[in-house]
Amino acid sequence: MEIRRLVWLLACLLNAENTFGVPIFDDYQGLTSVRDNIDPSVSVLICIGNSISIITKSDLNDKYPMLTEIYLDHNLLAIVERGCFKGTALKYISLSYNLLTVFSDFREVKDTLESINLEGNKIQKISTTEVDYLTKISNIVLSDNPLTQLPQLTLFHPSLIWLNLNGIELDCCSLTIWLKRKPVTLGLLMNIRPCSYPPEWNMTKWESITDDMLLQNTCATRSCARNKKLH
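First things first, this report covers the structure right here in the doc. (Residues numbered from 1 in each chain as written. Predicted model: local features only at pLDDT ≥ 70, side-chain atom pairs only at ≥ 80, totals over all residues. Heavy atoms only, no water.)

A full pass over the atoms with the stated rule returns three aromatic pairs. Here Tyr-71 and Tyr-92 contribute two aromatic rings whose centre-to-centre distance is 5.3 Å and whose plane-to-plane angle is 40°, an arrangement assigned as tilted. One end of the pair, Tyr-71, is in strand β4 (residues 69–71); the other, Tyr-92, is in strand β6 (residues 92–94), and 21 residues separate them in sequence. Residue Tyr-71 shares its accessibility class with Tyr-92, and that shared class is buried. Arranged with centres 5.8 Å apart and planes meeting at 20°, the rings of Phe-85 and Phe-106 form a pair that is stacked. Within this pair, whereas Phe-85 is found in the loop between β5 (79–80) and β6, its partner Phe-106 is found in the loop between β6 and β7 (115–117), the two being separated by 21 residues in sequence. Residue Phe-106 is classed as buried on the basis of its relative accessible area of 0%. Ring pairing ties together the aromatic residues Phe-85, Phe-103 and Phe-106, which thus form one cluster. The ring of Trp-206 has Lys-180 lying over it, and the distance from NZ or CZ to the ring centre is 4.8 Å. (Phe/Tyr/Trp six-rings, centres within 6.5 Å; stacked < 30°, edge-to-face > 60°. Helix = DSSP H or I, 4+ residues; strand = E, 2+ residues; numbered from the N terminus. Buried < 20%, exposed > 50% of the residue type's maximum accessible area, 1.4 Å probe, protein only. Lys NZ or Arg CZ within 6 Å of the ring centre and 35° of its normal.)

For the coordinates displayed, the defined rule picks out five salt bridges. A salt bridge links Glu-81 to Lys-57, with the shortest nitrogen-to-oxygen separation between them at 3.5 Å. Here the residue Glu-81 occupies a position in the loop between β5 and β6, and Lys-57 occupies one in helix α2 (residues 57–60), the gap between them amounting to 24 residues. Here Arg-181 ties to Asp-211 by a salt bridge, and the two come within 3.1 Å at their closest N and O atoms. One end of the pair, Arg-181, is in the loop between β10 (170–171) and β11 (187–189); the other, Asp-211, is in helix α4 (residues 211–215), with 30 residues separating them in the sequence. (Salt bridge = Lys/Arg side-chain N within 4 Å of Asp/Glu carboxyl O.)

This is the structure in structure tokens:
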């Protein structure tokens, strides 16, 4: 568990006490769904190491107005229904080490959500429309997902100050150049040698890859190569 997450966990417990909210600890209870008998004044829901496979609108919507933080790490989550979290005050959510294949829908909390942890899932692609509405976001953790490209997050999220891409093998090409041109206010964690493509860059450090190198490498090249293999 990374240090930043431990800090967040400690902070959330202190915050819960300071706001008179109720923290709920449902760790390692063999749960297959979020239980429905939770105190309506809950501010922090910690439900780590269970067997929950889906979050539905009926689990959380319009029930917990003080809920600011959710921890559902190390479950079996494959689906987060669209429209979840309505009526909460969600600021931080951690869904690390689950089975998610898409970036979850957080539109119902777009005006409050500040931090998202999706580390260690199965997400292969993130589209612009899946993230461009997150106007308040400051921290995103995507490490250890099978991603090769990302939309230009800095274009939509001027408040973003931390982005974790560690363990991600990137297609290094013209679409990746925004990571070189990130604002100084954005902290970025990524592999020292992040490029899985082109193969001749596998052992090249990110700091040694220049803007010109990326611009001269078109991202379509890899797609064309894949199509040729399929045929």
